[in-house]
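Residue-level structure breakdown
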4 protein chains.
Amino acid sequence: MVAGIIGAAGYAGSELVRLLSRHSGVTSLLLGSVSLEGEQIEDVYPNFLNRVSFPLKKPDDIIAGSDIVFSALPHGVGEAYAKASLDKGVSFIDLSADFRFDADEETFRTWYGKPYTFPDLHTNSIYGLPELNRQRIKTAAASAPVIIGNPGCYPTAASLGILPALAEGLVSGGNSTIIVDAASGITGGGREPQRSFHFPECSDSFSVYKVGSHRHTPEINRNITTMADRFGKPSVPVIFTPHLAPMNRGILCTIYIPLEKGIGANGSTSAMLEIRELYAAFYKDEPFVRVLPQGVMAATGRVRQSNFCDISINMDHRGEMLSVVTAIDNMVKGAAGQAVQNMNIIMNFDERSGLDAVPALF
Amino acid sequence: MVAGIIGAAGYAGSELVRLLSRHSGVTSLLLGSVSLEGEQIEDVYPNFLNRVSFPLKKPDDIIAGSDIVFSALPHGVGEAYAKASLDKGVSFIDLSADFRFDADEETFRTWYGKPYTFPDLHTNSIYGLPELNRQRIKTAAASAPVIIGNPGCYPTAASLGILPALAEGLVSGGNSTIIVDAASGITGGGREPQRSFHFPECSDSFSVYKVGSHRHTPEINRNITTMADRFGKPSVPVIFTPHLAPMNRGILCTIYIPLEKGIGANGSTSAMLEIRELYAAFYKDEPFVRVLPQGVMAATGRVRQSNFCDISINMDHRGEMLSVVTAIDNMVKGAAGQAVQNMNIIMNFDERSGLDAVPALF
Amino acid sequence: MVAGIIGAAGYAGSELVRLLSRHSGVTSLLLGSVSLEGEQIEDVYPNFLNRVSFPLKKPDDIIAGSDIVFSALPHGVGEAYAKASLDKGVSFIDLSADFRFDADEETFRTWYGKPYTFPDLHTNSIYGLPELNRQRIKTAAASAPVIIGNPGCYPTAASLGILPALAEGLVSGGNSTIIVDAASGITGGGREPQRSFHFPECSDSFSVYKVGSHRHTPEINRNITTMADRFGKPSVPVIFTPHLAPMNRGILCTIYIPLEKGIGANGSTSAMLEIRELYAAFYKDEPFVRVLPQGVMAATGRVRQSNFCDISINMDHRGEMLSVVTAIDNMVKGAAGQAVQNMNIIMNFDERSGLDAVPALF
Amino acid sequence: MVAGIIGAAGYAGSELVRLLSRHSGVTSLLLGSVSLEGEQIEDVYPNFLNRVSFPLKKPDDIIAGSDIVFSALPHGVGEAYAKASLDKGVSFIDLSADFRFDADEETFRTWYGKPYTFPDLHTNSIYGLPELNRQRIKTAAASAPVIIGNPGCYPTAASLGILPALAEGLVSGGNSTIIVDAASGITGGGREPQRSFHFPECSDSFSVYKVGSHRHTPEINRNITTMADRFGKPSVPVIFTPHLAPMNRGILCTIYIPLEKGIGANGSTSAMLEIRELYAAFYKDEPFVRVLPQGVMAATGRVRQSNFCDISINMDHRGEMLSVVTAIDNMVKGAAGQAVQNMNIIMNFDERSGLDAVPALF
């Protein structure tokens, strides 16, 4: 099977190259780049030398020759490629935000500043969080090519931390708010140099940014609503605050979830352990979610270069607030790895294929 | 004036040495160390060579020869030195937690695992957050030597972010909770090597630790209660979550404060700017608090090696939650710098003396 | 095939676990630890959760049940295990320095402060640098179990940079000296916390250490002599200076090699390119050596988590000095990866088995 | 006295602002910026808030109002400003390379690609390495305004390590070469974002760059020749290799100096200690050079934000090669600090004025 990647020369694209080049179900890659067409990927990324060697071609050539297409382009430019893929009968996995809002064009337009070019495409696109939509993806892909809106990095980490609490009815239904306080490594800013990510400006410093205005806010909100609907619970608004940490990879979300009265049992340890067990049970068949043993705290360093989402569970001493901490590699489970996981589901591969890395501590 | 430092060879102690050695009101230093007595401070810290040169002596010698005594010892071992200083008629500034709880021995015992050795000392000790207690320190020190419980690093950053909101009556009085989500650099762990702070274990990783169990929780709680009392407002419980960031210095606190109904005006920008103005007005005479201009976000890198506390203000789009972000250098405003500030107040020096560093961006 | 690892809980040991757990020829692992016997490896390294799960057993149990034994113990304690392995008929790959000097007990004693316990074992041990000794290892292993002295990290990077120059007769035979100026990441210091590797002491700083006294000096010297002998050239003494860089993984060696008269052609570019071609030709069949294209400079970040040794070639403008820069991951090609490569040779596996990682840029 | 800075918004310029704003002899600053004219420096660098507040003006305004002018512009654009300053009767300290080669226009043209615009200006300019040219600067400035070519960062660190060896006749006069192997922090690349200094491209990696082609090579060579001439010794060519280390500040140079026969006494420790004493004696009156005690190795972290140059001395075990390691803060002694030191000399201030920072370890 030939996998095609449009936008292969960006950071998310290069991670796709890294992962797919060792995927047992992928026989070859077709790499596309608008700006670097004609170059070799291993000249752009000399770390690939002797392992990966492909020319960068025009996006159209990618679609023409691929059995599945990944798009790692910026927001707002990929719809035409999605259409071309579908027309050709090939599934399309989009790592940008273009297909994350399905029919809700208004939210997309509000936050991303442009309307849909092909609104029809969005009526059947699927939000590619496998822990939420695996079955929908599987079913849809069984009968026709699909468009997957691959989730954002923060929304992935946030949603996986909130999902079991919503599903199990732990979340206070009253006038409550979920707070997602998150930190990201700097690869999240992409490959193009800019002042905020210039080494001397961000090294050895921890900062907050885009308070209340980060585009992942509506995506997290939407996921909470979807999940609440799915389990017949009331939705809860979210406040999302991103921070920048002086490291390359990783996202850590500390999620404050107000507990429904009584569940916290005034802060008893056993109530907290029970909640931990609920989380562990909820995710017991998930190949990439690790509910950490009591006493082990989530750390981005432990999921480095892996598709894992680590989760540690705590509760305040009054039993009113659950604090769930999730850690992912923003470039893997937060981008390229999750895209490969979606491909595995679409293609009926083992979901772990190409994603079986053993995380190194350092 | 001779300033004495007990525990001069630890990280906080060495910062005191650095700051006091250039303080215009300090003619000489007396340095004490239990474990390294007999060595020279510049052999322990060769960065001091050609600038600072003092022998490390027994703590008793320090008290005997000093006009003011700083103690940068671990928790639980400094009370006797405080007593000796007071008996000698000399003020004592303690950077440990021993004098941060004044008469509330129970809280101290619960969280630090030991009773007070000299309970009487704690009836007149003063919590050394100048922005809260400047006048009390000044008045007390005018008539007798004082004991200062120098605040913890997280409580300093948290309390300065909450104080104006409490004083101005912005905080929702209902069944609300303040959340302090914080990240610290690794110098906060002190000079003694341990696995958590071993470079390969913490570099390039962001992690959460001591969720719900960090000893700064009761100190923050106590500060909120004190501040609420001071301004005749109801107190609000706090949830505090510390994280470890891969950098040397700095603490950043993101503080979520539920707003009293109406104040947020459904998220209008003007309401938010008004709150920002309240903060700016509240701190307008404070030499070390900078309420940042709109659009400038707090970052630890901008207060490096300075005694500043930077504050940026935001509000969620519904106007229900204020998010205040504060940044300090944990070793300066969070420890040694604040201790020097307290000395300046006690000694009637200009409060900026020895603390006039211009922060470098890198 | 069962692979056993003694000292599995150290950093080099844990890298062996990571690499061998995904090796297609290894059916199971047996892990040994003297200090942590009884624990599970995934409790010591929670990054392994859901991927690797093994108890830590006594070293003797490892030897009893394994088809090949790796030892990642400190220097000076592994000889008895080597003997036990050989007695049992199983090859032994030692990552310590104990078997790097073969019959030259005097050098070992001088630099490591102890004599050989079992001198006989050292008469047939082989220095495990495949690029130098592949055939010797293959031949010996074909008829009997072998002991491999797995090279040190610096000597690996240094020797691979010098080998072609020696083999091709480029090195000035006169009164010349080769200088190896090298920098290492901090995992090279191992898992036990100590002040030099305490985050605040080494982060954001670059330093020199053990000038002229690092134990890898005699190992590099010995390799140069061996290589010179092999190719019938005079040996050249080496000066080796290690530095500590604020990063986790990686070694970069900048190697200054005085050129034999005439070869440098007064600094002509074509002479330099010719030398580059000699290097490329010399290593053309090596699976893990990449002579970089002209214009691409060696960087440790490009070999991260891989078994590659990258080499870039330059010459001074007078054509008198060749400067060869080599980059490896100190934990992979400099330790565990090279050990696996040696196992592959011994066991007649494809030499790339378990070592086919595609390096990520970050 | 009013100090003017042209190019105040770059990194070196902002360090000048930081240092000069606390200089007791400087009453006010005039800041110039071509690209940011009209903005306030504290808006460009919010770390300056509450400490430093100046508008950025046109360069011409700076010269018109200043008693001394610093230029921190890129290479090749400052000569006209130097001329204007001199015409106005005011000394000019240029941090670019434009005045580092004095009358040797050919070398400048070869390496910097342009001729001198005002050749006459270069006949009396002085290379501003105080340890070499203090008296020349003092004498010249006593009678007329001067132009100072402030040294490059690498040449400063390299020259200070080589100077005593040359002066004391330690350097082998034969067919020998001095090797300067150096590593720099990333602020050396300046404020403008570019791919090489984009956080994910350089963090957690150590790399070599511009081997044999860095523009500091001719400057180091020239310094060696000047120093050799000064002391009546033969000059020695240099090979210079710069590396990039993942840190903000600092340069460390490891300098290999072939010893004149006999001096090394076959590697005896006493010969090495004697050389160390020669270095210490040579620099005994220098306010900013610290020859480190035996056993203390140079580290950039120990000179952070200070004007010190630390030097540690070693010798190979055969006594043939001296290895001198020097560490400076590239932004201070390697740029702005040295410029202030030159101003102090010109203005007859205490040479330590404004440069009395006590370096922090972290």
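This one's a predicted model, so the numbers in the text were calculated from it and none came from an experiment.

Cut-offs applied
Residues numbered from 1 in each chain as written. Chains lettered and ligands numbered in written order. Predicted model: local features only at pLDDT ≥ 70, side-chain atom pairs only at ≥ 80, totals over all residues. Heavy atoms only, no water. Helix = DSSP H or I, 4+ residues; strand = E, 2+ residues; numbered from the N terminus. Buried < 20%, exposed > 50% of the residue type's maximum accessible area, 1.4 Å probe, protein only. Contact = heavy atoms within 4.5 Å. Domains from an automatic or database assignment. Buried area = accessible area lost by both parts, 1.4 Å probe. Salt bridge = Lys/Arg side-chain N within 4 Å of Asp/Glu carboxyl O. Polar contact = N/O pair within 3.5 Å; in protein donor to acceptor, adjacent residues only side chain to side chain. Pairing = 2+ DSSP bridges. Axes fitted to C-alpha atoms, helices over the stretch in contact; angles between N-to-C directions. Least-squares fit on C-alpha atoms with pLDDT ≥ 70 in both. Core = buried A, V, L, I, M, F, W, Y, C linked by side-chain atoms within 4.5 Å. Left-handed = near helix turned anticlockwise from the far one by under 90°. Nonpolar A, V, L, I, M, F, W, Y, C, P; charged D, E, K, R; others polar. Disulfide = S-S within 2.5 Å. Arc of directions from axis to C-beta. Parallel < 35°, antiparallel > 145°, perpendicular 65-115°, else oblique.

**As for the environment of D:Gly32**
Residue and element names in this part refer to chain D. Along the chain, Gly32 falls in strand S2 (residues 28-32). Note on Gly32: relative accessible area 0%, which makes it buried. Aside from chain neighbours lying at most four places away, what touches Gly32 is Ile5, Ile6, Gly7, Ala8, Leu56, Lys57 and Ile62.

**Considering the domain arrangement of chain A**
All names here are of chain A. Domain boundaries in chain A define domain 1 (2-124) and domain 2 (154-330). If you average the C-alpha positions of domain 1 and of domain 2, the two centres end up 28 Å apart. Every contact between the two is made by 16 residues of domain 1 and, on the other side, 14 residues of domain 2. Counting each side, the surface lost to burial between domain 1 and domain 2 is near 1300 Å², with a carbon and sulfur contribution of 53%. The largest contributions to the domain 1 side of the interface with domain 2 come from Tyr11, Arg100 and Trp111, which together make up 47% of the buried area. Taken together, the connections running from domain 1 to domain 2 amount to 3 salt bridges. The shortest N-O distance in the salt bridge between Glu219 and Arg100 comes to 3.1 Å. The tally of links from domain 1 across to domain 2 stands at 5 residue pairs in polar contact (both at pLDDT 80 or more).

**Details of the sheet that holds strand S5 (residues 91-94) of chain C**
Residue and element names in this part refer to chain C. Within the open sheet, the 7 strands sit side by side as S3-S2-S1-S4-S5-S7-S6. Their pairing is parallel. Two strands lie at the open edges of the sheet, namely strand S3 (56-57) and strand S6 (126-127), each paired on one side alone. For strand S1 (residues 2-6) and strand S2 (residues 28-32), the ladder comprises 5 bridges, and the chain directions are parallel. Among the inter-strand pairings, Val2 is bridged to a residue of S2, identified as Ser28. The sheet strands contacting helix H1 (residues 11-20) are S1, S2 and strand S4 (68-71), and the helix crosses S1 at an angle near 165 degrees.

**Focus: the relation of the copies chain B and chain C**
Note on the copies: chain B fits chain C at an RMSD of 0.0 Å, the axial shift is 0.0 Å, and the rotation between them is 180 degrees. Viewed as a symmetry operation, the transformation between the two copies matches a two-fold axis. When the interface residues of chain B are mapped onto chain C, 100% of them again lie at the interface, so the same face is used by both copies.

**So, the interface of chain B and chain C**
Often, the extent of an interface is quoted as the loss of accessible area on bringing the components together. Each partner contributes residues to the interface: chain B has 20 residues there, and chain C has 20 residues. Carbon and sulfur atoms supply 55% of the area buried between chain B and chain C, which totals about 1700 Å² over both sides. For chain B, the biggest contributors to the area lost against chain C are B:Arg195, B:His198 and B:Phe199; these three give 40% of the whole. Seen at the junction of chain B and chain C, the total is 2 salt bridges. A salt bridge links B:Arg195 to C:Glu192, with the nearest nitrogen and oxygen atoms 3.0 Å apart. One can count 8 residue pairs in polar contact (both at pLDDT 80 or more) joining chain B with chain C.

**So, the nonpolar core**
Taken as a class, soluble globular proteins show a tendency for nonpolar side chains to be buried jointly. Residues and elements named next belong to chain B. Counting 46 residues, the largest nonpolar core has Leu16, Leu20, Leu31, Phe70, Ile93 and Met343 as its most contacted members. At 8 residues, helix H11 (residues 332-346) tops the list of elements feeding residues into this core. Each residue touching Met343, except ones within four places of it in the same chain, is listed here: Met1, Leu20, His23, Val26, Ile68, Phe70, Ile93 and Phe349.

**A short note on the side chain of D:Lys333**
Relative to the helices and strands, D:Lys333 resides in helix H11 (residues 332-346). Within the structure, the side chain of D:Lys333 is placed 2.8 Å from the side chain of D:Gln338, a separation counted as a polar contact.

**Re unusual backbone geometry**
Here A:Asn266, not a glycine, exhibits a phi torsion of approximately 55 degrees, which is positive. As for its position among the elements, A:Asn266 is in the loop between strand S11 (251-258) and helix H10 (269-282). One non-glycine residue with positive phi stands out, namely D:Ala265, at about 50 degrees. Looking at the secondary structure, you find D:Ala265 in the loop between strand S11 (251-258) and helix H10 (269-282).

**Observations concerning the packing of helix H6 (residues 130-143) of chain D against H11(D)**
Residues and elements named next belong to chain D. Between H6 and H11, the shortest axis-to-axis distance is 9 Å and the interhelical angle comes to 40 degrees. The way H6 lies across H11 gives a crossing that is right-handed. Judged by residue contacts, Pro130, Glu131, Arg134, Ile137, Lys138 and Ala141 of H6 engage Lys333, Gln338, Gln341, Asn342, Ile345 and Ile346 from H11. Tallied by class, residues from the contact of H6 with H11 come to 5 nonpolar, 3 polar and 4 charged.

**As for the pairing of strand S10 (residues 238-244) of chain C**
All names here are of chain C. A large share of S10 lies buried, amounting to 7 of its 7 residues. Residue alternation in S10 divides its side chains into two sets, Val238, Phe240, Pro242 and Leu244 and Ile239, Thr241 and His243, and both sets are buried. By the bridge criterion, 7 bridges tie strand S8 (residues 178-184) to S10 in an arrangement that is parallel. Bridged to Ser184 within S10 is Leu244. As judged from the 2 bridges shared by strand S9 (residues 207-208) and S10, these two strands associate in the antiparallel manner. Bridging from a neighbouring strand, Val208 pairs with His243 of S10.

**Observations concerning the relation of the copies chain B and chain A**
The transformation that overlays chain B on chain A combines an axial shift of 0.0 Å with a rotation of 180 degrees, and the residual RMSD is 0.0 Å. A high fraction, 100%, of the interface residues of chain B reappear at the interface in chain A, so the copies pair face to face through one surface.

**A word on the state of the cysteines**
Enumeration over the complete set of coordinates arrives at 0 disulfides over all chains. A:Cys253 provides the cysteine sulfur closest to A:Cys309, a residue in no disulfide bond, and the two sulfurs are 8.4 Å apart. The buried category is assigned to A:Cys309, whose relative accessible area is 0%. Of all cysteine sulfurs in the structure, the one in D:Cys253 sits closest to D:Cys153, which takes part in no disulfide; the separation is 8.7 Å.

**So, helix H1 (residues 11-20) of chain B**
Judged by how many residues are buried, H1(B) sits mostly within the fold: 10 of 10 residues are covered. B:Tyr11, B:Ala12, B:Gly13, B:Ser14, B:Glu15, B:Leu16, B:Val17, B:Arg18, B:Leu19 and B:Leu20 are the residues of H1(B) that are buried. Along its buried surface, H1(B) packs onto strand S1 (2-6), strand S2 (28-32), strand S4 (68-71) and H11 of chain B together with helix H8 (199-202) of chain C.

**Description of the sheet that holds strand S13 (residues 309-315) of chain D**
Residue and element names in this part refer to chain D. Pairing within the open sheet is mixed, and its 7 strands lie in the order S9-S10-S8-S11-S14-S13-S12. Where the open sheet ends on each side, the last strands, each with one partner, are strand S9 (207-208) and strand S12 (289-291). Judged from the 8 bridges that link them, S11 and strand S14 (residues 321-328) form a sheet pairing that is antiparallel. By the bridge assignment, Cys253 is partnered in S14 with Thr326.

**Side note on helix H4 (residues 79-88) of chain D**
Owing to its 3.6 residues per turn, the α-helix aligns residues three or four sequence positions apart on the same side. Residues and elements named next belong to chain D. Within H4, burial applies to Glu79, Tyr81, Ala82 and Ser85. Along the axis of H4, the buried residues cluster in a sector spanning 160 degrees; they form a single face. At the C-terminal side of H4, Gly89 shows a positive phi close to 90 degrees.

**Some words on the packing of helix H1 (residues 11-20) of chain A against helix H11 (residues 332-346) of chain A**
Residue and element names in this part refer to chain A. Relative orientation of the contacting elements H1 and H11 amounts to 45 degrees, with a least axis distance of 9 Å. Relative to H11, the element H1 is oriented oblique. You can see that H1 and H11 cross each other, and the crossing is right-handed. For the pair H1 and H11, the contacting residues are Ala12, Glu15, Leu16, Arg18, Leu19 and Leu20 in the first and Val332, Ala336, Gly337, Ala339, Val340 and Met343 in the second.

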